[in-house]
Each structure stands twice: as C-alpha cells, then as structure tokens.
Amino acid sequence: MSRRGALRRLAAHEGRWQRSLLWWVARRRIGVAPGERALGYAAAQAAFVYGLAFVCVVETVGLSVLLAGAPVVHGVLLVLDVYTVLMVLGFQAAAVTRPHVLGAGDLRLRDGARQELRIPLGRIASVRHDLRFSRAEARSGGGAAGVAEFAVGGQTSVTVELSEPVVLEGLLGRRTAVGTVRFHADDARAAVRALREAVAGDGSPGDAAGAGGAAVTRP
C-alpha cells in the first residue's frame, strides 16, 4: 500500500474513534439494526482503560505544575496530553459503541474502530466456548487459512471454525484469509448459544437493544 493510502486509512480510523466518543455520550451503538443482536466485549478492558486514563490525567496535572514557568512548552504538552486522554477514552468508546453483531445472515466481529470481519452464517462449521490467552498476531493454522483473533484484555472466549475461509482486511489494508476466528464476548456462553441457534436456523438473533436498553443506529 502507498504511503498516501496508509495515511487515509489512519485518518479514517481517527475519525471513527472520535465519532465513537459522541455516540458513547449519547448511549447509542453504531451498526446494529433492529432485530440484530449486539454481543458486547468492552467490559473486560474497562478497568484497565479507565485506570490508564486516570494516570494520564494525573500526569497532565503534574506537568502543568512543573512547567508553569514555561508557557510555550506547557501549552504544547497540554494539547498532547489532552489528546492522549481523549484517545484512551476513545479506545473504550469505540469498543462500547461498536459491539460484535449477530444478524440474520452474518456475524460481524469488530475490534473497536480498527477493523471489522463479516462472516456469513453459512460458512460457520462450529462454535464453542473456548477461553484462552491470545497470541500477539494472527498466525497460520493447520490448514491453508490462518487464525484471526479479536482479543480483549489479552484473551478470547469464543472460537468459530469455518467451512470456507473469509478475508480479513487489516487497518492498513492487508488482506488475510482466515479459517478460524477467535473473539471475546462479555457473556461468551450466551453468545455461543445465540450463534448456534442462528446457524441452525432455530431462532432469530434476538433484540439488539437487550443489553442495557441502549438505542441503536446505522453508521
């Protein structure tokens, strides 16, 4: 990918997490239509994110005191520190407002504002509750296709095996064929049950506003 293309993708990512802050304040979710089921995954990282945001705020206050006599440096660092706090909160906001989505014909897995993988239900061979620590990156599996992981807090809790590979497009446009997908859900066992029912055609995905009664919207 060209440098210009990479910059465009990074700018789009910045815009997504910034918009997520607004939707988070409004208690709305992005890309969850009526009749679709939202599978949240943000709870596992909430304590870490809020703790990191608190540390950033304390650092901002401390630097403001230390640099009170250097207004130019203080002003520059203040802007950077405020942006850092917003970025940390945007990371959590993107996870809350962009949950995994189980629809009538597909499962859409998200990694906050970074990437999204759409899996047709007809390609899902098996689903199981499978708590494990994540690997640093997707690696080749035993077959021709690799493994994609949507980890939260360093772990995944649901494993989906596919009958046919799907293509995952990364943040910078890299495309990878994957035959096994692992992701985290706050209520992993309920997610497995709902996904099995949807694949078998025994039930609908459920009410998307069921978790907390939050309103939903398309992107």
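Everything that follows concerns the structure shown earlier in this document.
These notes cover the structure that comes with them.

About the cut-offs
Residues numbered from 1 in each chain as written. Predicted model: local features only at pLDDT ≥ 70, side-chain atom pairs only at ≥ 80, totals over all residues. Heavy atoms only, no water. Helix = DSSP H or I, 4+ residues; strand = E, 2+ residues; numbered from the N terminus. Buried < 20%, exposed > 50% of the residue type's maximum accessible area, 1.4 Å probe, protein only. Contact = heavy atoms within 4.5 Å. Areas by Shrake-Rupley, 256 points an atom, 1.4 Å probe, with all protein chains shown as cover. Pairing = 2+ DSSP bridges. Axes fitted to C-alpha atoms, helices over the stretch in contact; angles between N-to-C directions. Patch = residues over 30% accessible without salt bridge, like charges linked within 9 Å, V, L, I, M, F, W, Y side chains within 5 Å. Salt bridge = Lys/Arg side-chain N within 4 Å of Asp/Glu carboxyl O. Parallel < 35°, antiparallel > 145°, perpendicular 65-115°, else oblique. Nonpolar A, V, L, I, M, F, W, Y, C, P; charged D, E, K, R; others polar.

**As for the overall build of the chain**
Counting secondary structure elements, the chain contains four helices and ten strands. Relative to its 219 residues, the chain shows a buried fraction of 41%. For the chain, the share of sequence-separated contacts (at least 6 apart) that also reach a separation of at least 24 residues comes to 72%. In the structure as shown, the chain presents an accessible area of about 11,800 Å², 59% of it carried by carbon and sulfur atoms.

**Quick look at the environment of tyrosine 83**
Here tyrosine 83 is to be found in helix 3 (residues 71–97). Setting aside residues up to four positions removed in sequence, tyrosine 83 forms contacts with Glu14, Trp17 and Gln18.

**A word on the sheet that holds strand 5 (residues 116–120)**
The sheet built from four strands is open, its strands ordered 2-3-4-5 with antiparallel pairing. Edge positions in the sheet fall to strand 2 (37–39) and strand 5, since each of these pairs with one other strand and no more. Taken pair by pair, the neighbouring strands of this sheet meet at an average axis angle of 20°, ignoring direction. Pairing of strand 3 (residues 100–102) with strand 4 (residues 106–110), which is carried by two bridges, proceeds in the antiparallel orientation. Counted as the bridge partner of valine 101 is arginine 108 from strand 4.

**Brief notes about a nonpolar patch on the surface**
Taken together, Val72, Val73, Val76 and Leu80 make up a surface patch of nonpolar side chains, about 370 Å² in accessible area. Mapping valine 76 onto the fold places it in helix 3. On the accessibility criterion, valine 76 (48% relative accessible area) is partly exposed.

**Structural notes on the environment of leucine 195**
By the secondary structure assignment, leucine 195 is in helix 4 (residues 188–200). Looking at leucine 195, the relative accessible area reads 2%, which means it is buried. In sequence terms leucine 195 and glycine 103 are 92 residues apart; their C-alpha atoms lie 9.5 Å from each other. Residue contacts for leucine 195: discarding those within four places in its chain leaves Leu102, Leu107, Leu121, Ile124, Val127 and Val160.

**Things to note about the pattern of salt bridges**
This structure, assessed with the given rule, holds 13 salt bridges. The closest approach of N and O atoms between arginine 108 and glutamate 116, which form a salt bridge, is 4.0 Å. A salt bridge links aspartate 111 to arginine 114, with the nearest nitrogen and oxygen atoms 2.6 Å apart. Using a relative accessible area of 22% as the deciding quantity, one classes aspartate 111 as partly exposed. For arginine 114, a relative accessible area of 37% gives the class partly exposed. Overlapping salt bridges bring together Glu36, Asp106, Arg108, Arg110, Glu116 and Arg118 as one network.

**Some thoughts on the side chain of aspartate 130**
Relative to the helices and strands, aspartate 130 is located in strand 6 (residues 124–133). Relative accessible area serves as the criterion here: at 13%, aspartate 130 is assigned to the buried category. Every residue in contact with aspartate 130, bar those within four places of it in the chain, is listed here: Thr156, Ser157, Val158, Thr159 and Arg182.

**Digging into the environment of glycine 31**
Summarising the element assignment, glycine 31 is placed in the loop between strand 1 (28–30) and strand 2. In sequence terms glycine 31 and valine 101 are 70 residues apart; their C-alpha atoms lie 8.0 Å from each other.

**Things to note about unusual backbone geometry**
The phi dihedral of arginine 27 is positive, around 55°, even though this residue is not glycine. Following the sequence through the fold, arginine 27 ends up in the loop between helix 1 (3–25) and strand 1. Take arginine 27: its relative accessible area is 60%, and that puts it in the exposed class.

**Points about the packing of helix 2 (residues 43–66) against helix 3**
At their nearest, the axes of helix 2 and helix 3 sit 10 Å apart, and the two run at 170° to each other. Looking at the two axes, helix 2 sits roughly antiparallel to helix 3. Every residue of helix 3 that contacts helix 2 at Gln45, Ala46, Val49, Tyr50, Leu52, Ala53, Cys56, Val57, Glu59, Thr60, Leu63 and Ser64 is listed here: His74, Leu78, Asp81, Thr84, Val85, Val88, Leu89, Phe91, Gln92 and Ala95. Of the residues belonging to the contact of helix 2 with helix 3, the class tally is 14 nonpolar, six polar and two charged.

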